[in-house]
Amino acid sequence: GYRISLQGNFFGRNHRYMTVPEYNPRKHIKLDPPLNIQSNATASKCQIWWSVWNVPWYLAEILQYELQYKEHSMSWEVALNKTLPSSLPQVEIEATELRSGIAYAARVRCKVSENENSYHSQWSEWSQTTVFQRADVPKVSEKVLNTKTMQYLFIPLSFGTLLYLFWNCKLSSRYCCFLTLGQKAAPALTFPRQLLSFSHSIVCTMGILR
């Protein structure tokens, strides 16, 4: 520790005005504000990062950050504050915390973590601000939704129809066994052509839906 005193010479006399018997610089730290704050906003989250300057490495690992953000048109007095749990110079804000189409401003400050006993500091000044806006979620058009719905419905309906025709073919084949030799088994013979024609219609319809 150090002993600090303040002395002055007035009218030829020395006067001691203040004495600090035990001063420890580690307990009286105020860091410079973070620099180069930047942001990148998407439809799901906003990433904010920054850097610190003139901070020894042994302090950089035990820093504590506080983020403050607000709507750009609002006052800082109504801003939201977040004390970050990590010493990493970055943070993410979920999109659910941001309103779509609204510009936001954010800033950050730092100090030595309160969990450290060897050092003590007060908050630094606030950094410069960064402005960001949540990206809009792309909307799927109603036409695309209707087309996909038709595709999902058409496939099981077509499969069910094929099973129905196939079942009728088996019944028709059994019926033809009881016909006389002079009779023509028209239903059984014409079914394959019907099946091929129906399959062709399915392929053409799927191509149109796509």
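Residues numbered from 1 in each chain as written. Predicted model: local features only at pLDDT ≥ 70, side-chain atom pairs only at ≥ 80, totals over all residues. Heavy atoms only, no water.

*Asks:* Help me understand the sheet that holds strand β7 (residues 80-83) in this model?
*Replies:* Strand pairing in a sheet relies on backbone hydrogen bonds, with the paired strands running either antiparallel or parallel. One open sheet accounts for four strands, arranged β7-β6-β9-β11; its pairing is antiparallel. At either end of the open sheet lies a strand with only one pairing partner, and these are β7 and β11 (130-133). Across the sheet, the mean angle from the axis of one strand to that of its neighbour is 30 degrees, orientation sign disregarded. Direction of pairing for strand β6 (residues 63-71) relative to strand β9 (residues 103-112): antiparallel, over a ladder of nine bridges. Opposite K70, over in β9, you have A105 as the bridge partner. (Pairing = 2+ DSSP bridges. Helix = DSSP H or I, 4+ residues; strand = E, 2+ residues; numbered from the N terminus. Axes fitted to C-alpha atoms, helices over the stretch in contact; angles between N-to-C directions.)

*Asks:* Help me out: how do you make sense of the sheet that holds strand β5 (residues 45-51) in this one?
*Replies:* Taken in spatial order, the three strands make up an open sheet running β4-β5-β8, and their pairing is antiparallel. The sheet terminates laterally at β4 (35-41) and β8 (90-94), the two strands that pair on one side only. Between one strand axis and the next, the sheet turns by 15 degrees as a mean value, whatever way the strands run. Pairing between β4 and β5: five bridges, direction antiparallel. Looking across to β5, one finds that L35 is bridged to S51.

*Asks:* How should I be thinking about the environment of S118 in this particular structure?
*Replies:* Positionally, S118 belongs in the loop between β9 and β10 (121-122). Here the alpha-carbon distance between S118 and K27, two residues 91 residues apart in the chain, equals 7.6 Å.

*Asks:* Please clarify how the pattern of salt bridges should be interpreted in this entry.
*Replies:* Side-chain pairs of opposite charge can arise whenever the charged atoms involved come near each other. As enumerated under the stated definition, the model contains six salt bridges in all. Its salt-bridge partner being R109, residue E66 comes within 2.7 Å of it at the nearest N-O pair. Of the two residues, E66 is situated in strand β6 and R109 in strand β9; the sequence distance between them amounts to 43 residues. Between R99 and E71 there is a salt bridge, with its nearest N and O atoms 2.8 Å apart. A residue pair is termed long-range when its members are at least 10 positions apart, and R99 in the loop between β8 and β9 and E71 in strand β6 qualify at 28 residues. Exposure remark for E71: the relative accessible area of 19% places this residue in the buried category. (Salt bridge = Lys/Arg side-chain N within 4 Å of Asp/Glu carboxyl O. Buried < 20%, exposed > 50% of the residue type's maximum accessible area, 1.4 Å probe, protein only.)

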